[in-house]
Amino acid sequence: MRFDIVSLFPDFVAQVAGHGVVGRAAERGLLSLTGWNPRDYAEGNYRRVDDRPFGGGPGMVMLIDPLRAALAAARAADPAPARVVYMSPQGRPLDQAKARELAALPRLVLLCGRYEGVDERLLAAEVDEELSIGDYVLSGGELAAAVVVDAVARLLPGALNDAESAAQDSFEPPAEGEGGLLLDCPHYTRPVEHELGAVPPVLLSGNHAGIARWRRQQALLRTWQRRRDLIDPATLSKADRRLLDEALAEAGLPPSAGAQGAA
Ligand code: ADE
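A word on the nonpolar core. One finds Met87, Leu108, Leu110, Val148 and Val152 to be the most contacted residues of the largest nonpolar core, which totals 29 residues. The residues contacting valine 148, other than those within four sequence positions of it, are Met87, Leu94, Leu102, Leu108, Leu110 and Leu131. By size, the runner-up hydrophobic cluster in this structure holds 20 residues, among which are Val84, Leu111, Leu123 and Val127.

Written out as structure tokens, the structure is:
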């Protein structure tokens, strides 16, 4: 998969994406990442990339032409059709389903704004969608773009080793939910006994089915307790519902059906 980053700080995104799973995927040839700096396409001695907003107010707005030329260069670098995504807090929130959708594309162009924003006409003409990584404001789209690259790259076939893939599979959405996911279960390593506590005995049992059941139950319980918005008890499978209710009963909490509507 080909990623193109249009940004005043393209190296920043490449740096962030150069480590760990993403770096390894790039080394394996599963993805490439190319930066395009609108300043390289700006005119005049000062190579201006921004100007004051019409209507007044603080901050600067990124000019149409340098961004447009950088985008054109990025598009022309490969014949495959490019999805152009603008990183912005006004965008649709990124989730695992969106990451999966993007990972199926041959290429992705991520447009990063700085300052107060980008001239709306450029966005209307060139951008396919806007994506946000959360309800907070960053100083620019670069960190958000790095988040998208990471979330998408790890889904590319061959990016994760077997152990990592298996860990990910166990947190794929409950059967019915396309977009949802369960939070991860707790993890333990040596020593078995520690002054901070003991490892749950089931993990030492060698009973693979029992371990898988415990992990699923812990994931359900945690998601229910921490992120109830991710679970709709009505769409859980019967088995998951039973696991969750068993864990809730053990913890002295009301069953999932009874708590519906409560947050
Ligand atoms: N740029 C600034 N803030 C952002 C956010 N929350 N998500 C995506 N891009 C951004």
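A separate point is the sheet that holds strand S1 (residues 2-6). Taken in spatial order, the 5 strands line up as S2-S1-S6-S5-S8 in an open sheet, and their pairing is parallel. Lying at the two open borders of the sheet, with one neighbouring strand each, are strand S2 (32-36) and strand S8 (129-132). With strand direction ignored, the average angle separating the axes of adjacent strands in the sheet is 35°. Of the strand pairs in this sheet, strand S5 (residues 83-93) and S8 are connected by 5 bridges, and their pairing is parallel.

This brings us to the site of the ligand. In the vicinity of the ligand, the contacting residues are Met87, Ser88, Pro89, Leu131, Ser132, Ile133, Gly134, Tyr136, Val137, Leu138, Gly140 and Ala144. Protein contacts shield 96% of the accessible area of the ligand, which totals 260 Å² for the unbound molecule. Taken atom by atom, the bulk of the ligand overlaps the second largest pocket. Taken together, the elements giving at least two residues each to the shell around the ligand come down to S5 and S8. Broken down by element, the shell around the ligand gets its largest block of residues, 3 residues, from S5. For the shell around the ligand, the residue count by class is 8 nonpolar, 4 polar and no charged.

Parameters at a glance
- Note on numbering: residues in each chain are counted from 1, in written sequence order.
- Restriction of local features to residues with pLDDT of at least 70 applies here, the model being predicted, together with a cutoff of 80 or more for giving and counting side-chain atom pairs; totals for whole chains, interfaces and linings are based on all residues.
- With hydrogens and water stripped out, all remaining heavy atoms of the structure feed into the side-chain values.
- By nonpolar core we mean a set of buried residues, namely Ala, Val, Leu, Ile, Met, Phe, Trp, Tyr and Cys, connected to one another through side-chain atoms within 4.5 Å.
- Note on exposure labels: buried denotes an accessible area under 20% of the residue type's maximum, exposed denotes more than 50%, and partly exposed covers the range between, all computed with a 1.4 Å probe on protein chains only.
- Residues are treated as being in contact if the distance between any of their heavy atoms lies within 4.5 Å.
- One bridge is not enough; two strands pair if DSSP finds at least two bridges between them.
- By the criteria applied, helices consist of DSSP H or I runs no shorter than four residues and strands consist of E runs no shorter than two, each listed in order from the N terminus.
- Angles run from 0 to 180 degrees between N-to-C directions of axes, and those axes are lines fitted to C-alpha atoms, restricted for helices to the stretch in contact.
- Near residues are defined by distance, with any heavy atom within 4 Å of the molecule or strand qualifying the residue.
- Surface accessibility follows the Shrake-Rupley procedure with a 1.4 Å probe radius. Residue values consider only the protein chains on display as shielding.
- Residues are said to line a cavity or pocket when one of their atoms sits within 4 Å of a point; the points come from a 1 Å grid over protein atoms alone, cavities being sets where a 1.4 Å probe fits but cannot get out and pockets being open sets with protein on both sides within 12 Å along at least five of seven lines.
- Any molecule with more than half of its atoms within 2 Å of a cavity's or pocket's grid points is regarded as sitting in that cavity or pocket.
- Each residue is assigned to one class: nonpolar for Ala, Val, Leu, Ile, Met, Phe, Trp, Tyr, Cys and Pro, charged for Asp, Glu, Lys and Arg, and polar for all the others, Gly among them.

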